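Take a look at the letters that make up each chain.
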Amino acid sequence: MPDQQLEGGCQCGAVRYRVEGEPVMAALCHCSMCRRANAAPAVAWAMYAQPQLSFLAGSPAIYESSPGAQRGFCARCGTQISFTADYIPGLIDITIGSLDQPELLAPTFHYWESKRLPWLHVADQLPSYPEFPPTE
Ligand SMILES: [Zn+2]
Ligand SMILES: [Zn+2]
């Protein structure tokens, strides 16, 4: 999918965005911060270089969930949209669940496996890492 272009947005439509090209990675995070922010048992993220993302309508409100980490969400309807952090400069995570066609971006690994809820069974063979994945 060399020229893949995907669009997404929040539930009410006030925030709309487009991402272009391949994501750096797509993965399921089981950490407690993502779980709480999204009120979901796990969160699927697609990571992009910031220039790959453009907002077509609105822009997310920002909540600093921990020092140096910003979660972007729709101020009107509350949908979680993005994640940026000082430790991943130049990169931005987009919630796969906010894409119009989330089925097009399949996660390729699990991270923060050490925090996975014991009742959450996902029938896949993907690699999983206890915390952040190793960086090449
Ligand atoms: Zn909204
Ligand atoms: Zn997380």
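Refer to the structure presented above.
Residues numbered from 1 in each chain as written. Chains lettered and ligands numbered in written order. Predicted model: local features only at pLDDT ≥ 70, side-chain atom pairs only at ≥ 80, totals over all residues.

Student: What's the story with unusual backbone geometry in this structure? I'm lost.
Tutor: With the exception of glycine, most residues fall at negative phi, and the peptide bonds are largely trans. Residue Ala-39 is not a glycine yet carries a positive backbone phi of 50 degrees. Positionally, Ala-39 belongs in the loop between α1 (32–38) and β4 (43–49). Its 9 C-beta neighbours within 10 Å are what place Ala-39 among the exposed residues. The residue Trp-112 is not glycine, and still its phi comes out positive at about 55 degrees. Relative to the elements of secondary structure, Trp-112 occurs in the segment after β10 (109–111). Here Trp-112 falls in the buried class, since 23 other C-beta atoms lie within 10 Å of it. (Helix = DSSP H or I, 4+ residues; strand = E, 2+ residues; numbered from the N terminus. Buried ≥ 20, exposed ≤ 12 C-beta atoms within 10 Å, placed from the backbone.)

Student: Please explain the environment of Leu-126 as it appears in this structure.
Tutor: Considering the arrangement of structural elements, one finds Leu-126 in the segment after β10. C-beta crowding within 10 Å serves as the criterion here: with 12 such atoms nearby, Leu-126 is assigned to the exposed category. In the structure, Leu-126 is positioned 97 residues away from Cys-29 in sequence and 13 Å away in space, judged by C-alpha atoms. In this view, Leu-126 contacts Pro-107, Thr-108, Phe-109 and His-110; residues no more than four positions away in its chain are not counted. (Contact = placed C-beta atoms within 7 Å.)

Student: In this structure, what is going on with the sheet that holds strand β1 (residues 5–9)? I would like to understand it.
Tutor: The strands making up a sheet associate through hydrogen bonds between their backbones, and the pairing can be parallel or antiparallel. Ordered in space as β1-β2-β5, the three strands form an open sheet in which the pairing is antiparallel. Each edge of the open sheet is held by one strand with a lone partner, namely β1 and β5 (53–57). Strand-to-strand twist across the sheet, computed as the mean angle between neighbouring axes with direction ignored, equals 25 degrees. Bridge count for β1 against strand β2 (residues 16–20) is five bridges, and the pairing is antiparallel. Bridge pairing in β2 links Gly-9 to Arg-16. (Pairing = 2+ DSSP bridges. Axes fitted to C-alpha atoms, helices over the stretch in contact; angles between N-to-C directions.)

Student: What is the right way to look at the sheet that holds strand β9 (residues 91–95) in this model?
Tutor: The seven strands are arranged β6-β7-β8-β9-β4-β3-β10 in an open sheet whose pairing can be described as mixed. Strand pairing shows two members of the sheet lacking a second neighbour, β6 (61–66) and β10, which therefore form its edges. The mean angle between the axes of side-by-side strands here comes to 30 degrees, regardless of whether they run parallel or antiparallel. Sheet topology places β4 next to β9; five bridges connect them, and they run antiparallel. What sits directly across from Tyr-48, in β9, is Ile-92.

Student: Would you explain the pairing of β9 in this entry?
Tutor: Two faces make up the sheet, and in a regular strand the side chains alternate between them. Burial analysis of β9 places four of its five residues in the buried class, which makes it a mostly covered element. As paired elements, strand β8 (residues 80–85) and β9 share two bridges and run antiparallel to each other. Among the inter-strand pairings, Ser-82 is bridged to a residue of β9, identified as Ile-94. Counted along the chain from β8 to the antiparallel partner β9, the turn is five residues long, and its residue Gly-90 has a positive phi close to 80 degrees.

Limitation: the analysis is restricted to geometry and does not speak to function.
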